[in-house]
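Geometric and topological summary
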Amino acid sequence: MSNPKFRIAICGGGVGGLTLAVALSRHQDIAVDVYEAAQSFCEIGAGVGVWPRAFRVLRKLGPDFEQQLLQRCGYEYTEEYVPAVKSRKSDQAVGIELFDLMTKGKLMRFHRADFHGVLLSFIPPSCTAHNAKRLVSYTQPLEDCSRNSPITLTFKDGSTATCDVLIGADGIKSTVRPYMFRELAEGMDPDEKQSVLSYMNPIWSGVAAYRTLVSAQKLRARCPDHRVLREFTQYMGKDAYFLAYPISLGQYVNFAGFTLDRDLAGSAYEADTDIPRPSFKGKTNDEWVSELTAQQFIEPFKDFEEDAQHILECVEKGTLWAVHTTKNLPSTNFGRVAIMGDAAHAMTPFQGSGAGQSIEDAYLLMTVLGHKSTTLETVPRALAIYDKLRRPFSSEVARRSMRSGQLCAFQEDVPLHELGDTITKNWEWAWLTELDDALEEAVRLVEDSSIDVN
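All of the points below concern the structure found in this document.

Parameters at a glance
Residues numbered from 1 in each chain as written. Predicted model: local features only at pLDDT ≥ 70, side-chain atom pairs only at ≥ 80, totals over all residues. Heavy atoms only, no water. Pairing = 2+ DSSP bridges. Helix = DSSP H or I, 4+ residues; strand = E, 2+ residues; numbered from the N terminus. 1 Å grid on protein atoms, 1.4 Å probe; cavity = no way out; pocket = protein on both sides within 12 Å on 5 of 7 lines; lining within 4 Å. Points joined across faces, edges and corners; volume = space filled by probe spheres on them. Nonpolar A, V, L, I, M, F, W, Y, C, P; charged D, E, K, R; others polar. Expected span 1.5 Å × (residues − 1). Bend = angle between axes of the 7 residues up to and from the residue. Buried < 20%, exposed > 50% of the residue type's maximum accessible area, 1.4 Å probe, protein only. Phe/Tyr/Trp six-rings, centres within 6.5 Å; stacked < 30°, edge-to-face > 60°. Lys NZ or Arg CZ within 6 Å of the ring centre and 35° of its normal. Axes fitted to C-alpha atoms, helices over the stretch in contact; angles between N-to-C directions. Contact = heavy atoms within 4.5 Å. Salt bridge = Lys/Arg side-chain N within 4 Å of Asp/Glu carboxyl O. Core = buried A, V, L, I, M, F, W, Y, C linked by side-chain atoms within 4.5 Å.

Here the focus is the sheet that holds strand β1 (residues 6–11). A sheet is described by the order of its strands in space; here six strands give the open sequence β7-β2-β1-β11-β19-β18, paired in mixed fashion. Only two strands of the sheet have a single partner each, and these edge strands are β7 (127–130) and β18 (333–334). Of the pairings in the sheet, the one linking strand β11 (residues 165–168) to strand β19 (residues 337–339) comprises three bridges and is parallel in character. Along β19, the bridge assignment pairs Leu166 with Val337.

What follows is the structure, encoded as structure tokens:
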């Protein structure tokens, strides 16, 4: 690329960062570097689900991209109403059917590595990928005389790089987020500064997640016609529940279980404490993740119905995650720096919308940064437009996601016969709404600089 209008550095090679890189590939006048901390581009976790709202955004990346995704999930895209999740009351000897969640379009389910692989295969030659580059700090010139000077990035290995625009797609443990909030707090009075700095670090949600893959062959040998071999099922109980569904063209059943303690939401996680909670002590390189034996894994669900026990008996091992979230941030941008995905709005997994929200962030960022009217001088305005349109929506999704978990764990005073309608109304944004209105508004705001976006 001979003379790009600006160079964008994307820190983080997960779903959000790579979706942004693929989306930006249509703009030949923008240079893109993706910096990934790991030795190779890989995704942590087993399954990823994309609801119709977010999948319609992915379709905008082109028919070839869509076709590759569809080949990985094994079924066709539809916008018809379909049964999505079968929910059962399972914390009793004989479980009962509660309701079937009907959605307009399917939840597109992938093995996370498959989804990530498709994104990687569409990274264009114009995008330079860098592995083993863990960002430790950045410096953004903010004085008037140097406002358009490059941002300097410093990595753990001692190397440096420069860019014109920095996008932090570096997850809940983001390096970009705390540095950005330090910049925001500069010059504030002590009380206001302390308030802004409180947003730098993630908080524990009071939720523990139990994750594993179950061999479909093993489950089929035990129970040949088990429902989770063909359909998404939630097994719900007081303060704990799990869901299971087939992935990887039926080779595996993805298992995601949860325990919820509302009293601990918003607290800092501490492994050594007298407060009853799962143990996350020193079993992996991540203080929030612990490896479990099969016996430890199934403990919260040991009194569930027989239908659930067939699945639990096939568990060989698993991981326990302390689910952390970000606070409801006051901003996701400052100057020529912005954060996206889990760095901006890490949320509980109860609506399976974290990946989808990072996809939406990516496409709207591409829309404002790639617009012909956006120049290096107007990048801060473009990022302010992104913040104005995405932050309120993603914050509302995070709130709804937490409520979904509480509903599924019978923590709200909702009669069982009303639970299905309550959960559906709380969740239907994921298939009944579109990003398109926000995209149109973004273009309008980019093209009309007289409108205040702050």
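Of the voids in this model, the second largest pocket is the one considered here, and its volume is about 380 Å³. Around the second largest pocket sit 24 residues that line it, and Thr325, Thr326, Ala346, Ala398 and Arg399 are the ones nearest its centre. Of all the secondary-structure elements, those providing two or more residues to the lining of the second largest pocket are β12 (203–215), α10 (342–345) and α12 (379–408). Residue contributions to the lining of the second largest pocket peak at seven residues, all from α12. Taken together, the residues that form the lining of the second largest pocket break down as nine nonpolar, eleven polar and four charged.

This part is about α12. The end-to-end C-alpha distance of α12 is 42 Å, a good match for the 44 Å that 30 residues give at a rise of 1.5 Å each. Within α12, the axis deviates most sharply at Arg390, by approximately 30°, and proline Pro392 lies no more than four positions further along. Two residues or fewer past α12, Phe410 is found with a positive phi of approximately 55°.

For the rest of this paragraph, the subject is the pairing of strand β17 (residues 317–325). Of all nine residues making up β17, seven are buried, and the element is well covered by its neighbours. As judged from the seven bridges shared by β12 and β17, these two strands associate in the antiparallel manner. The residue bridging Trp204 from the neighbouring strand is His324, located in β17. Bridge analysis of strand β16 (residues 289–293) against β17 gives five bridges, and the strand direction is antiparallel. What sits directly across from Thr293, in β17, is Lys317.

In this section: the packing of aromatic side chains. Summed over all chains, the structure comprises 23 aromatic pairs. Measuring from centroid to centroid gives 5.4 Å for Phe242 and Phe301, while their planes differ by 75°, and the two rings are edge-to-face. Remark: Phe301 occurs in the loop between α8 (294–298) and α9 (306–312) and Phe242 occurs in strand β14 (residues 240–247); sequence separation between them is 59 residues. Aromatic pair Phe301 and Phe304: ring centres 5.7 Å apart, planes at 75°, arrangement edge-to-face. Both residues of the pair, Phe301 and Phe304, belong to the buried class. The structure contains a cluster of three or more aromatic residues connected by ring pairs, namely Tyr210, Tyr235, Phe242, Phe255, Phe297, Phe301 and Phe304. Note that Lys173 overlies the ring of Trp288, its terminal NZ or CZ placed 4.3 Å from the centroid.

With mixed pairing, eight strands are arranged side by side in an open sheet as β5-β4-β13-β14-β15-β12-β17-β16. With partners counted over all chains shown, the strands left at the sheet margins are β5 (96–104) and β16, one partner each. Looking at each pair of strands side by side, their axes are set apart by 25° on average, direction ignored. Examined bridge by bridge, β14 and strand β15 (residues 252–260) share eight bridges and lie antiparallel to one another. Looking at the pairing, Leu243 lines up with Ala256 of β15. In the packing of α12 onto the sheet, contacts are made with β12, β13 (233–237), β14 and β15, and the angle to β13 comes to roughly 65°.

With the rule as written, the count across this model stands at 26 salt bridges. Residue Lys89 is joined to Asp91 by a salt bridge in which the shortest nitrogen-to-oxygen separation is 2.8 Å. In this structure, Asp157 and Lys133 form a salt bridge, with 2.8 Å as the shortest nitrogen-oxygen distance. Residue Asp157 is found in the loop between β9 (151–155) and β10 (160–163), and its partner Lys133 is found in the loop between β7 and β8 (135–139); the two are separated by 24 residues along the sequence. A relative accessible area of 49% places Asp157 in the partly exposed class. It is possible to trace a salt-bridge network through shared partners that takes in Arg88, Glu97, Arg227, Glu231, Glu305 and Asp307.

For the rest of this paragraph, the subject is the nonpolar core. Ranked by size, the top nonpolar core spans 61 residues in total, and within it Phe115 and Ile167 carry the most contacts. No other element matches the nine residues that helix α11 (residues 354–370) contributes to this core. The residues contacting Phe115, other than those within four sequence positions of it, are Val15, Val48, Val50, Leu58, Leu69, Phe110 and Ile359. By size, the runner-up hydrophobic cluster in this structure holds 41 residues, among which are Val85, Trp288, Ala346 and Trp429.

The quantities given are spatial measurements derived from coordinates; they are silent on function.
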